[in-house]
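# Structure assessment
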Amino acid sequence: MTETIINRRDLSFLLYELLNVERFTSHPRYADHSRETFDAALETAYKVAYDHFLPHCRKNDLEEPQFDGERVHIIPEVKEALRQYIDTGLMVAGKDYELGGMQLPATVAQSCTAVVKGANTSTFSYAGLTVAASNLLLAYGTEAQKERYAYPMLEGRFFGTMALTEPQAGSSLSDIKTTAVPEDDGTYRLTGNKIFISGGDHELSENIVHLVLGRVKGARPALRGFRCSSCRSIWSTTTAPWASVTMSLWPA
Ligand SMILES: Cc1cc2nc3c(=O)[nH]c(=O)nc-3n(C[C@H](O)[C@H](O)[C@H](O)COP(=O)(O)OP(=O)(O)OC[C@H]3O[C@@H](n4cnc5c(N)ncnc54)[C@H](O)[C@@H]3O)c2cc1C
């Protein structure tokens, strides 16, 4: 079969002959794994990629997301593909068993990602952003933040974004103006403008967790004093003034 994504023989050569990923199975973390389980995960990735991601790759470009002033409209194939990606466990393939993952070595998990991403980068990016946002919270969040935001993202119920760029600050993130003012209850009131936020609004998930880069009020204008706050899009500027970040949306 002619591969239109990543050539299976090439990937197999890279993983098993060049990188010898089977050696990871002697490590306690990967003790349940074998070449068979690696191949099974990769086969699932190819199946999801060919059946659900590749077929609408061109349609994504022809019928790009539209914002009608109230809602973002995205072709239905995107939601179905992401549901398959989540339900097969591929989105959390490298995560711990306790987090619902398959505990695959990163090299194999990332290979699965590459297969799906190679089939349709645009649709994949909603999941990629979600994993990235959850990774940040798993690394630096409190237990309460993990419960509230990271775990629902790993379950695929919530999706995530990274809101860094502002009209006056793209590469130069030290120039951002969004401020984070501490409140008495431990939360931060965010004020500012963000643009180009991939996956910034959609109806693909129950909720969207925006990780918003802001400067803690009073911090000196340098690469210090930043705070990455999470705010749920369900709390709009009208219901939650402390989360009043205006974002120009850029659906992935
Ligand atoms: C499709 C897409 C999706 C995006 N998604 C997100 C998102 O999800 N979240 C988010 O926060 N942002 C997002 N962005 C914004 C993206 O991160 C910014 O566009 C990027 O950081 C560059 O900023 P800028 O566009 O203001 O360009 P600028 O920073 O103004 O750069 C313009 C040019 O100057 C060059 N340049 C900049 N600084 C220097 C320097 N110091 N030395 C030499 N050359 C320099 C750059 O290489 C570039 O060629 C997205 C952008 C795109 C196009």
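Everything in this summary refers to the structure shown in the same document. (Residues numbered from 1 in each chain as written. Predicted model: local features only at pLDDT ≥ 70, side-chain atom pairs only at ≥ 80, totals over all residues.)

## Overview of the site of the ligand
- Lining the immediate environment of the ligand, one finds twelve residues, of which L164, T165, G170, S171 and S198 sit closest.
- Elements with a contribution of two residues or more to the shell around the ligand: β3 (158-163) and β5 (188-198). (Near = placed C-beta within 6 Å. Helix = DSSP H or I, 4+ residues; strand = E, 2+ residues; numbered from the N terminus.)

## As for the environment of R35
- By secondary structure assignment, the location of R35 is in helix α2 (residues 35-53).
- With 13 C-beta atoms packed within 10 Å, R35 lands in the partly exposed category.
- Every residue in contact with R35, bar those within four places of it in the chain, is listed here: Y16 and E22. (Buried ≥ 20, exposed ≤ 12 C-beta atoms within 10 Å, placed from the backbone. Contact = placed C-beta atoms within 7 Å.)

## Here's the deal with the packing of helix α6 (residues 121-140) against helix α7 (residues 143-154)
- With their axes 9 Å apart at the nearest point, α6 and α7 run at an angle of 150 degrees to one another. In terms of orientation, α6 lies roughly antiparallel with respect to α7. The two elements α6 and α7 cross, and the hand of that crossing is left-handed. Residues T130, A133, S134, L137 and L138 of α6 lie in contact with α7, whose contacting residues are Q145, K146, Y149, A150, M153 and L154.
- In terms of residue class, the contact of α6 with α7 is made up of seven nonpolar, three polar and one charged. (Axes fitted to C-alpha atoms, helices over the stretch in contact; angles between N-to-C directions. Parallel < 35°, antiparallel > 145°, perpendicular 65-115°, else oblique. Left-handed = near helix turned anticlockwise from the far one by under 90°. Nonpolar A, V, L, I, M, F, W, Y, C, P; charged D, E, K, R; others polar.)

## Focus on the nonpolar core
- Core analysis: the largest hydrophobic core is formed by 51 residues, its most contacted members being A41, A45, C112 and V116.
- Secondary-structure elements contributing two or more residues to this core are α2, α4 (76-87), α5 (106-119), α6, α7, β3, β5 and β6 (207-216).
- Ranked by residue count, the leading element in this core is α2, at seven residues.
- No fewer than three residues from each of domain 1 (8-119) and domain 2 (159-250) sit in this core.
- Setting aside residues up to four positions removed in sequence, A45 forms contacts with L90, C112, V115 and V116. (Core = buried A, V, L, I, M, F, W, Y, C linked by C-beta atoms within 7 Å. Domains from an automatic or database assignment.)

## Side note on unusual backbone geometry
- Of note, N20 is a non-glycine position whose phi angle comes to about 50 degrees, a positive value.
- If you trace the backbone, N20 turns up in the loop between α1 (8-18) and α2.
- With phi around 60 degrees, F196 is a residue other than glycine that occupies positive phi space.
- With respect to the helices and strands, the residue F196 is situated in strand β5.

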